[in-house]
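Residues per chain, in single letters:
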Amino acid sequence: MAKTVQVAVSNTTYHFDKLYSYLVMPDQEALVRCGSMVLVPFGKASKPRMGIVLGCDEVPVNAKLKAVFDVAPDTAALTPDLMRLVLFLRERTFCTYYEAVKAVIPYGALYKPALAEDGVTPVLQKQLTRHTENQYRLVGTLPQKPKPTAKQLAAVALLGGGPRLLNDLEEKGISKDVLDRLCAKDVLVCEKVNKTVDLYSHIPYTGAEVHLTPAQQDAYDALAPHLADNRPHGALLYGVTGSGKTLVFVKLIQQCLALGRKALVLVPEIGLTPQMITRLKSAFGDRVAVQHSALNHTERFLQWQMIQSGGADIVVGTRSAVFAPLKDIGLIIIDEEQEHTYRSESAPRFSAHEVARQRAAENGSLLLLASATPSTETYYAATQNKYQLVKLTQRYGGNPLPSVELVDMRAEMAAGNPGDISRTLESSLRQTLANGQQAILLLNRRGYQTVTVCEDCGQVLKCEKCSVPMVYHKARGELLCHYCGSTIRPVPKICPSCGGKLNYTGFGTQKAEEELAKLFPEARILRMDQDSTSTKDAHERLLAQFGRHEYDIMLGTQMVAKGLDFENVTLVGVLGIDSLLFAQGFRAYENVFSLVTQVVGRGGRAGTPGHAIIQTVAPEDPVLNLAARQDYDAFFEQEIVFRKLSLYPPFCRLCMVGFSGTKEPDVAFAAARFAALLGQLAAQNGKLPLRVLGPTPCTIAKINEKYRYQLTVKCRGDKAFRDLMRQVLAAYEKEKLPQKASVILDMHSDGDL
Ligand code: ADP
Ligand code: ZN
């Protein structure tokens with residue numbers, strides 16, 4: 001008998017993604033176990049590939065089995081928790097095992113194939129090797145001859161207060177050269193230290209006691225008992241903007257920790273993490289760890305290690321933080337739960353909700369979804385008692401919700417104002433600035449001008465690789481495709497197809513910034529969009545500056561619309577919402593309602609009442625009007641009827657099957673073939689309720705030279721359905737269509753319980 005293991009290997013296609021058996025050599029037996037990261041020979045040429053051991057057993061020696069090359073240290077092995085999540089993801093999202101592995105642990109925790117010193121033996125190597133940085137310490141006195149330089153004196157003075165990192169010293173104008181020279185004189189020593197784990201040590205710990213209002217206390221009292229009984233619970237905290245949901249979170253986390261359990265807090269995007277981190281760090285100190293994609297690999301890995309080794313009680317982060325290796329989770333919070341960013345758009349295509357639900361089930365935790373505008377699925381589930389519904393109907397401090405005004409931009413044009421900022425908004429801005437208050441303006445398009453049309457042939461100038469208009473970026477002096485990054489430089493004046501004159505129209509954040517600067521030359525304007533926040537920590541820095549009133553107007557894309565809490569903001573303006581009113585997809589209404597309600601809710605949060613102005617060409621639009629009234633209940637009543645009549649979630653589940661490839665007829669053929677196979681196999685399967693729409697070209701028919709088609713399958717989304725789809729996928733891959741296009745499956749599973 002010998003030990004063999006069943007290994008999931010990297011880089012397989014879905015069709016070949018099964019467990020492969022390998023022999024474990026006697027010297028590795030003690031090291032290789034379930035969850036181990038291993039290097040194995042694969043394929044005819046026995047090329048080394050990464051793998052994860054998912055099964056172990058003793059079997060009679062089989063001469064044909066290949067042996068494991070190498071195994072990573074035990075600290076790199078997946079814990080049983082994470083292994084279960086890998087299996088869960090594969091079952092639910094049609095990804096491969098290794099895709100799931102890469103989702104549940106960060107890049108920095110992975111190993112990679114390498115060669116041993118002999119140059120031939122395949123071995124594993126850590127993905128990240130440098131976790132250390134230079135720290136300098138004062139150990140001697142500075143000789144007075146030759147006369148020390150000013151920099152040397154400064155370095156010694158600084159280090160008199162204790163050791164410091166190179167980075168820190170460089171920031172203070174002392175170069176590595178100066179330091180190395182002082183080391184040579186034995187004044188300093190340089191030591192390698194682990195890179196700092198405490199990323200936010202600058203946030204002071206105040207530990208201030210939380211005094212909840214009676215309404216917040218009621219919400220807390222309704223939820224807190226679920227932390228103690230070690231059973232899974234689901235609840236929705238539906239609280240209007242500014243009702244103090246975060247304070248309820250803080251109190252619940254306190255209770256959770258007091259019970260000796262841990263808490264996981266998810267926020268929808270990086271822009272919102274600084275604020276949540278600040279609030280939690282100041283309340284809970286340094287046992288807060290962070291996981292989000294703006295951290296570099298090392299930071300992320302060190303934070304992850306801190307969590308894994310039990311050094312963190314609270315984890316805050318975006319979608320992927322849902323995989324944080326916390327043990328005994330008592331509470332999982334998903335803030336702004338309706339946000340689409342909780343769904344992953346690359347494999348594995350999971351939603352943080354479904355993973356959170358799974359973890360809550362395994363840990364016996366309270367899963368708390370929170371929002372002022374819950375997704376229709378979630379709210380429906382709450383009305384069906386699948387989630388406990390807890391409401392906060394009033395703003396903190398009795399502040400009223402902002403008053404809202406709709407401005408008709410057609411009338412504005414007719415009255416002789418061709419600009420993009422209405423006179424109403426202009427005068428309100430003037431008033432706000434005169435009062436020393438701040439404004440937030442939402443314009444959901446980045447760039448300068450967003451459409452270029454030929455005066456003669458009427459064609460819109462599109463990206464050559466994608467079927468979307470090129471966007472003019474004035475500062476960069478080029479046209480840019482927001483999908484593939486292609487550029488056109490210099491900015492063309494004549495139409496590439498007919499030579500006619502090109503007209504630049506449409507209104508992006510850069511142009512709005514320029515117009516505002518003309519109207520209000522004294523105002524300090526902050527533009528927040530992907531272009532202005534691309535550098536590290538830009539979000540945090542800019543938002544903090546706005547918070548300190550170093551800017552008067554913050555203008556931005558939807559990153560300014562949600563979650564932010566600034567007490568001095570009294571005016572909110574919505575500059576461009578119309579394109580969303582006419583957007584496609586069954587969530588279009590919900591998205592508009594949520595975005596407008598949320599951005600309006602940024603105003604008047606402390607004392608002075610807020611006012612909001614929404615510019616639109618469709619002032620009679622019903623969804624916009626409901627959003628203007630911030631009447632979620634009425635919106636929900638209307639939306640749920642629409643969803644029921646047209647059969648959309650929560651009344652069914654959607655599985656989107658996407659096809660893409662470089663030749664359109666091939667893609668269309670592949671999609672049709674897949675649909676046919678689905679039809680056949682579904683018929684054999686009998687009674688599965690299914691409705692298949694399409695295939696049709698996607699709304700954006702081509703991205704990065706790949707044509708895109710999709711099938712929409714309305715289904716139950718249960719195990720029987722997933723099994724059917726697996727059969728279809730296998731049958732489809734077996735056909736090896738010469739015109740093969742790549743296929744992706746995306747289950748829209750939110751709201752499923
Ligand atoms: P929401 O997330 O519900 O929009 P927040 O949690 O951001 O609201 O709270 C809105 C504002 O009211 C914040 O500035 C918060 O500090 C303040 N606030 C809410 N509840 C309290 C409380 N009980 N004590 C002190 N300040 C509170
Ligand atoms: Zn493009």
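Small disclaimer: the values here were computed from a predicted structure and weren't measured.

So, how was this worked out
- Residues numbered from 1 in each chain as written.
- Chains lettered and ligands numbered in written order.
- Predicted model: local features only at pLDDT ≥ 70, side-chain atom pairs only at ≥ 80, totals over all residues.
- Heavy atoms only, no water.
- Disulfide = S-S within 2.5 Å.
- Buried < 20%, exposed > 50% of the residue type's maximum accessible area, 1.4 Å probe, protein only.
- 1 Å grid on protein atoms, 1.4 Å probe; cavity = no way out; pocket = protein on both sides within 12 Å on 5 of 7 lines; lining within 4 Å.
- Points joined across faces, edges and corners; volume = space filled by probe spheres on them.
- Helix = DSSP H or I, 4+ residues; strand = E, 2+ residues; numbered from the N terminus.
- Nonpolar A, V, L, I, M, F, W, Y, C, P; charged D, E, K, R; others polar.
- Donors = N, O, S within 2.8 Å, 3.2 Å for Na, K, Ca; no water.
- Tetrahedral: all angles 85-135°; square planar, octahedral: opposite > 155°, others 65-115°.
- Phe/Tyr/Trp six-rings, centres within 6.5 Å; stacked < 30°, edge-to-face > 60°.
- Core = buried A, V, L, I, M, F, W, Y, C linked by side-chain atoms within 4.5 Å.
- Contact = heavy atoms within 4.5 Å.
- Near = heavy atom within 4 Å.
- Polar contact = N/O pair within 3.5 Å; in protein donor to acceptor, adjacent residues only side chain to side chain.
- Areas by Shrake-Rupley, 256 points an atom, 1.4 Å probe, with all protein chains shown as cover.
- Sits in = over half its atoms within 2 Å of the grid points.
- Pairing = 2+ DSSP bridges.
- Axes fitted to C-alpha atoms, helices over the stretch in contact; angles between N-to-C directions.

**A word on the state of the cysteines**
Simply put, disulfide is the name for a covalent bond between the sulfur atoms of two cysteines.
Step number 1: In this structure the tally under the stated criterion is zero disulfides.
Step number 2: Left unpaired, Cys-95 is separated from the closest cysteine sulfur, that of Cys-655, by 14 Å.
Step number 3: The closest cysteine sulfur to the non-disulfide-bonded Cys-715 is located on Cys-655, 5.9 Å from its own sulfur.
Step number 4: Given the relative accessible area of 5%, Cys-715 is considered buried.

**So, the layout of surface pockets**
Step number 1: Estimated volume of the second largest pocket: approximately 1,300 Å³.
Step number 2: If you trace the second largest pocket, you find 47 residues lining it, with Gln-275, Met-276, Arg-279, Asp-565 and Phe-566 closest to the centre.
Step number 3: No other element matches helix H9 (residues 273-284), which puts seven residues into the lining of the second largest pocket.
Step number 4: Counted by class, the lining of the second largest pocket contains 17 nonpolar, 18 polar and 12 charged residues.

**So, the coordination of the zinc ion (ligand 2)**
Four donors placed tetrahedrally about a metal ideally form angles of 109.5 degrees, and six donors placed octahedrally ideally form angles of 90 or 180 degrees.
Step number 1: Each protein donor to the zinc ion (ligand 2) is listed here as Cys-463 (SG), Cys-466 (SG), Cys-481 (SG) and Cys-484 (SG); together their distances run 2.3 Å.
Step number 2: Taken together, the four donor atoms coordinating the zinc ion (ligand 2) and their angles of 106 to 115 degrees define a geometry best described as tetrahedral.
Step number 3: Counting along the primary sequence, the residues that act as donors to the zinc ion (ligand 2) give the motif C-x2-C-x14-C-x2-C. Of the two residues, Cys-463 sits in the loop between strand S20 (451-454) and strand S21 (471-473) while Cys-484 sits in the loop between strand S22 (478-480) and strand S23 (487-488), which places them 21 residues apart along the sequence.
Step number 4: Classification of Cys-463 as buried rests on a relative accessible area of 7%.

**Some points on the packing of aromatic side chains**
The geometry of two aromatic rings is summed up by the distance between their centres and the angle between their planes.
Step number 1: In the structure shown here, the tally under the stated rule is 20 aromatic pairs.
Step number 2: Note on Phe-586 and Tyr-648: the rings are 5.0 Å apart at their centroids and 5 degrees apart in plane angle, and the pair reads as stacked. Of this pair, Phe-586 sits in the loop between helix H17 (578-581) and helix H18 (588-600) while Tyr-648 sits in the loop between helix H20 (632-645) and strand S29 (653-661); the two residues are 62 residues apart in sequence, bridging distant segments of the chain.
Step number 3: Measuring from centroid to centroid gives 5.4 Å for Phe-674 and Tyr-732, while their planes differ by 65 degrees, and the two rings are edge-to-face. Here the residue Phe-674 occupies a position in helix H21 (residues 664-685), and Tyr-732 occupies one in helix H22 (residues 719-735), the gap between them amounting to 58 residues. Summarising the burial analysis for this pair, Phe-674 and Tyr-732 share the class buried.

**Here's the deal with the nonpolar core**
Step number 1: One finds Ile-105, Leu-280, Leu-331 and Met-554 to be the most contacted residues of the largest nonpolar core, which totals 134 residues.
Step number 2: Those residues in contact with Leu-331, other than ones at most four positions away along the chain, are Leu-227, Leu-252, Ile-253, Cys-256, Lys-262, Ala-263, Leu-264, Ser-365, Leu-366 and Leu-368.
Step number 3: In this structure, Phe-674, Ala-675, Cys-715 and Val-728 belong to the second largest nonpolar core, which totals 26 residues.

**What about the site of ligand 1?**
Step number 1: Every one of the 16 residues lining ligand 1 counts as a neighbour, but His-211, Gln-216, Gly-242, Thr-246 and Asp-565 are closest to it.
Step number 2: Between ligand 1 and Ser-243, the relevant distance is 3.2 Å, taken from an oxygen atom to a main-chain nitrogen or oxygen of the residue.
Step number 3: Measuring from an oxygen atom of ligand 1, one finds a side-chain N or O atom of Arg-605 at 3.0 Å.
Step number 4: Coverage of ligand 1 by the protein chains reaches 80% of its 560 Å² of free accessible surface.
Step number 5: Of the pockets mapped on this structure, ligand 1 occupies the second largest pocket.
Step number 6: By residue number, the principal contributor to the shell around ligand 1 is helix H8 (residues 245-258), which donates three residues.

**Points about the sheet that holds S22**
Through backbone hydrogen bonds, the strands of a sheet pair up, either in parallel or in antiparallel fashion.
Step number 1: If you walk across this open sheet you meet the three strands as S21-S22-S23, and the pairing is antiparallel. Each end of this open sheet is capped by a strand with a single partner; those strands are S21 and S23.
Step number 2: With three bridges connecting them, S21 and S22 associate as antiparallel partners. Each residue of the ladder has a partner; that of Tyr-472, found in S22, is Leu-479.

**Considering the sheet that holds strand S19 (residues 438-443)**
Step number 1: The six strands lie next to each other as S18-S28-S27-S19-S26-S25, forming an open sheet whose pairing is parallel. Whereas interior strands pair on both sides, the edge strands pair on one side only; in this sheet they are strand S18 (403-408) and strand S25 (525-528). Between one strand axis and the next, the sheet turns by 15 degrees as a mean value, whatever way the strands run.
Step number 2: Where S25 lies against strand S26 (residues 553-556), four bridges are found, and the strand directions are parallel. The residue bridging Met-528 from the neighbouring strand is Gly-556, located in S26.

**What about the environment of Ala-224?**
Step number 1: For Ala-224, the location among the structural elements is in the loop between helix H6 (214-223) and helix H7 (225-228).
Step number 2: Residue class for Ala-224 comes out buried when judged on its relative accessible area of 9%.
Step number 3: Ala-224 sits 27 residues away from Lys-251 along the chain, and the two C-alpha atoms are 8.9 Å apart.

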